Amino acid sequence: MPNAQCPIPHSQKMRSYSLIAPAKINLYLEIIGARLDGYHELAMILQSIGLADEIDVRSISTDTIRVYCNHPQVPTDKSNLAYQAAELMVRQFPEAFAKYGGVEITINKQIPVAAGLAGGSTNAAAVLVGIDLLWKLGLTQSELEELGGTLGSDVPFCVAGGTAIATGRGEQLSPLPSLDSIYIVLAKYRSLEVSTAWAYKTYRQQFGHSYIRDSDNLTARANAVHSGVIVKAVLDKDAREIARKLHNDLERVVLPDYPQVLQLREVFANQEGVLGTMMSGSGPTVFALFESQQQAEQVKLQVRKAILDEDLELFVTRTITHGIQVASSI
Ligand code: C5P
């Protein structure tokens with residue numbers, strides 16, 4: 001179950017939960033093959049980071065779902081994954097919906113949108129956890145993850161977060177020992193977005209010929225990540241070695257088409273103290289890893305000086321050991 005920062009009193013009067021919904025980065029993303037459902041078979045290592053949204057989930061007396069968000073680019077209608085998460089819970093648990101009424105969701109967005117940081121997915125995971133608590137459903141972590149998998153490939157990971165190997169579509173999770181306090185600088189051009197669907201489609205067009213087609217080999221390749229060098233580095237909590245083994249197949253299609261992403265990679269790579277740098281997910285966010293917060297803050301300043309563009313957003317954060325957490329409840 002998601003960790004609670006404070007104990008959750010089981011009172012009938014509990015009408016509102018405030019949840020912390022962390023972003024993620026991909027330490028490793030390998031595209032292994034195509035799936036019959038149109039998705040790709042992946043082998044990934046996912047890592048929760050301190051940069052997080054705050055999601056308030058509140059029971060309301062009308063039988064509706066309402067979404068509010070402080071970020072103008074985030075839709076508040078059915079196209080928002082958080083809205084879809086609430087709809088899913090209404091469909092799955094009609095009696096609880098009838099008993100407790102509708103749900104109002106307020107998203108305080110800190111995670112850049114369309115960034116490859118699972119911002120939408122973590123909001124959806126928070127809504128699943130929040131409604132589970134509001135409606136006293138007592139769902140297990142794996143039940144929440146299974147519901148999340150129907151919403152998006154990254155949602156299951158976002159429920160419990162931490163550090164995990166993700167295979168299949170990204171929804172089959174094997175937790176790894178937590179990686180605490182590797183420091184991170186994230187860089188993203190505010191107005192630059194990369195469509196995840198485009199990135200995978202383009203990858204398939206360009207590299208689909210090298211996909212593994214045979215299902216036994218697919219499974220063997222997905223299993224191989226468990227004994228791969230980067231997993232060993234994670235098990236050893238060796239930040240330098242993790243940074244050396246960072247990998248993301250989607251860079252092969254995103255970097256040539258998005259020179260700004262390539263530029264961020266190059267600028268990071270030339271800074272002192274950077275252990276390693278990589279694009280996260282389908283981009284366009286680029287991250288760099290550091291042993292200390294001081295080095296991360298220093299490089300953030302250097303990158304700001306090297307790229308004089310107000311559109312560039314930079315964040316210092318670190319690896320964290322959890323996914324959705326309850327911050328408070330009323
Ligand atoms: O699952 P999610 O909605 O996050 O995926 C967004 C898009 O990324 C999908 O529509 C699909 O085109 C692509 N994708 C994929 N294989 C995966 C995950 C995502 O092809 N394993």
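Here the residue numbers are simple positions, counted from 1 along each chain's written sequence. Per-residue local features of the predicted model are confined to residues with pLDDT of at least 70, and side-chain atom pairs are confined, for both listing and counting, to 80 or more; whole-chain, interface and lining totals are unaffected and use all residues. Side-chain metrics in this entry use all non-hydrogen atoms of the structure; hydrogen atoms and water are not considered.

**Describing unusual backbone geometry**
Turning to step 1, where the next piece is worked out: That bond from Gly283 to Pro284 is cis: its omega, 5°, falls within 30 degrees of zero.
Turning to step 2, where the next piece is worked out: Positioned with a positive phi, Ala114 is a non-glycine residue whose angle comes to about 45°.
Turning to step 3, where the next piece is worked out: At Ser181, a position not held by glycine, the phi torsion is positive, near 60°.
Turning to step 4, where the next piece is worked out: Secondary structure follows DSSP: runs of H or I at least 4 residues long count as helices, runs of E at least 2 residues long count as strands, and numbering of each begins at the N terminus. On the secondary structure map, Ser181 appears in the loop between strand S6 (172–176) and strand S7 (183–189).

**Some points on the packing of aromatic side chains**
Turning to step 1, where the next piece is worked out: Between rings of Phe, Tyr and Trp, where Trp is taken as its six-membered ring, a pair exists when centres lie within 6.5 Å; planes separated by under 30 degrees are stacked, by over 60 edge-to-face, and by other angles tilted. The final tally for this structure, using the stated rule, is four aromatic pairs.
Turning to step 2, where the next piece is worked out: Ring centres of Tyr203 and Phe207 lie 4.8 Å apart, and the angle between their planes is 45°; on these two criteria the pair is classed as tilted. Of the two residues, Tyr203 and Phe207 both sit in helix H6 (residues 196–207), four residues apart, roughly one turn of that helix.
Turning to step 3, where the next piece is worked out: Burial here depends on accessible area, computed with a 1.4 Å probe over protein chains only, as a share of the maximum for the residue type. Under 20% is buried, over 50% is exposed, and the range in between is partly exposed. Given a relative accessible area of 2%, Tyr203 falls into the buried group.
Turning to step 4, where the next piece is worked out: In this structure Phe207 comes out as buried when scored by relative accessible area, which is 14%.
Turning to step 5, where the next piece is worked out: Taken together, Tyr203, Phe207 and Tyr211 form an aromatic cluster joined through their ring pairs.
Turning to step 6, where the next piece is worked out: For the cation-ring pair, Arg169 lies above Tyr39, with the distance from its terminal atom to the ring centre recorded as 4.9 Å.
Turning to step 7, where the next piece is worked out: Here the guanidinium or amino end of Arg252 rests over the ring plane of Phe207, the centre of that ring lying 3.7 Å away. Either the NZ atom of lysine or the CZ atom of arginine qualifies as a charge over a ring when it sits within 6 Å of the ring centre and within 35 degrees of the ring normal.

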